[in-house]
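# Understanding the architecture of this molecule
So the chains spell out like this:
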Amino acid sequence: MSTQIILAPAVPADQLRPHDTLLGDTLRRQVRERPDAVAFETATRSWTFREADADANRIAQGLSSLGVGHGDRVAGLTRHGAESALLMVGASRIGAVCAALNWRLAPPEVAHVLNDSQARLLLVDREFLPAIDGKDFPALQLTLLTDGDDDQRPSLSGWSQPFDAVDPKRDGGPEDTGLQLYSSGTTGLPMGIGLSSR
């Protein structure tokens, strides 16, 4: 079973509140309105909105402990499951930007994107490790796995668990970059495309 991401139903623009317009606020709103409803569900685990919020806060605190802050990039080379969404929300809560890598990119393209984005942390599915192993990424401080620890890399959940689940509330502004995507690179190297936090 693939991850099902269950977020809020679309809210008409005229009903948006100013504090509900940023990337990290969608989850905060769900915690206020339905904390015990299921937010994410996978074949092995489910998260309520309250649990997802706590995990996103721990990730934000962990990123802060690495010196990651406003405008810094973290990256995900995953099939975009619940852990990727939690990393994106956690990063947004300290004003950092999540660069979502297309897992279909060739290893040289992955290397280009990681170096171009200057990602400080990488979340990776175990199956994509061959795309990064043995390569040099000067900005990268930490690589985490979505699916359990290995000898060299902890899992996202294992790494973030010791951090406080307190919301740092240091989101960027609505016009700040909140997500960075990369083109497929069909006519050259992939190019970064920033999307605002709104």
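This text follows the structure it describes.
Now for a quick tour of the structure. Residue numbers run consecutively from 1 along every chain, following the written order of its sequence. For a predicted model such as this one, the threshold for reporting local features is a pLDDT of at least 70, and the threshold for listing and counting side-chain atom pairs is 80 or more; totals across whole chains, interfaces and linings nevertheless cover every residue. Hydrogens are left out, water is left out, and the side-chain values use all remaining heavy atoms of the structure.

### Quick look at the overall build of the protein chain
In terms of helices and strands, the protein chain carries five helices and nine strands. The helix and strand sequence of the protein chain, counted from the amino end, reads β-α-β-β-α-β-α-β-α-β-β-α-β-β. The contacts of the protein chain with a sequence gap of at least 6 include a subset with a gap of at least 24, amounting to 61%. When the accessible surface of the protein chain is split by element, carbon and sulfur atoms take 52% of a total near 9,600 Å². Secondary structure counts use DSSP, requiring at least four H or I residues in a row for a helix and at least two E residues in a row for a strand, with both numbered from the N terminus. Residues count as neighbours in contact if any of their non-hydrogen atoms are within 4.5 Å of one another. The method behind every accessible area is Shrake-Rupley, applied with a 1.4 Å probe, and residues are considered shielded solely by the protein chains displayed.

### Description of the sheet that holds strand β6 (residues 121–124)
Taken together, the six strands give an open sheet; going across it, the order is β7-β6-β4-β5-β8-β9, and neighbouring strands pair in mixed fashion. Unpaired on one side and paired on the other, β7 (142–145) and β9 (192–196) mark the two borders of the sheet. Direction aside, neighbouring strands of the sheet carry axes that sit 20° apart on average. When DSSP finds two or more bridges between two strands, those strands count as paired. Sheet topology places strand β4 (residues 73–77) next to strand β5 (residues 97–100); four bridges connect them, and they run parallel. Bridged to alanine 75 within β5 is alanine 99. Interaxial angle, 0 to 180 degrees, is taken between N-to-C directions of lines fitted to C-alpha atoms, where a helix line uses only the stretch in contact. Contacting β4, β5, β6 and β8 (177–182), helix α3 (residues 82–92) crosses the sheet at an angle of about 160° to β6.

### Observations concerning the pattern of salt bridges
Charged atoms that come close allow side chains of opposite charge to pair. The term salt bridge refers to a pairing of a side-chain nitrogen on Lys or Arg with a carboxyl oxygen on Asp or Glu at a separation within 4 Å. Per the counting criterion, the structure on display carries 13 salt bridges. With a shortest N-O distance of 2.5 Å, arginine 28 and aspartate 25 are connected by a salt bridge. One end of the pair, arginine 28, and the other, aspartate 25, are both in helix α1 (residues 25–33), three residues apart, so they sit about a helical turn from each other. The salt bridge involving aspartate 55 is made with arginine 58; its shortest N-O contact spans 3.1 Å. Linking aspartate 55 with arginine 58, this pair stays in helix α2 (residues 49–65), spanning three residues, or about one helical turn. Considered together, aspartate 55 and arginine 58 belong to a single accessibility category, that of buried residues. Overlapping salt bridges bring together Asp25, Arg28, Asp53, Arg93, Asp167 and Asp171 as one network. We call a residue buried when its accessible area falls under 20% of the maximum for its residue type, exposed when it is over 50%, and partly exposed in between, using a 1.4 Å probe and counting protein chains only.

### With respect to the environment of leucine 195
When you line up the elements, leucine 195 lands in strand β9. Taking C-alpha positions, leucine 195 is 8.2 Å from aspartate 176, a pair spaced 19 residues apart along the chain. Every residue in contact with leucine 195, bar those within four places of it in the chain, is listed here: Asp176, Thr177, Gly178, Leu179 and Leu181.

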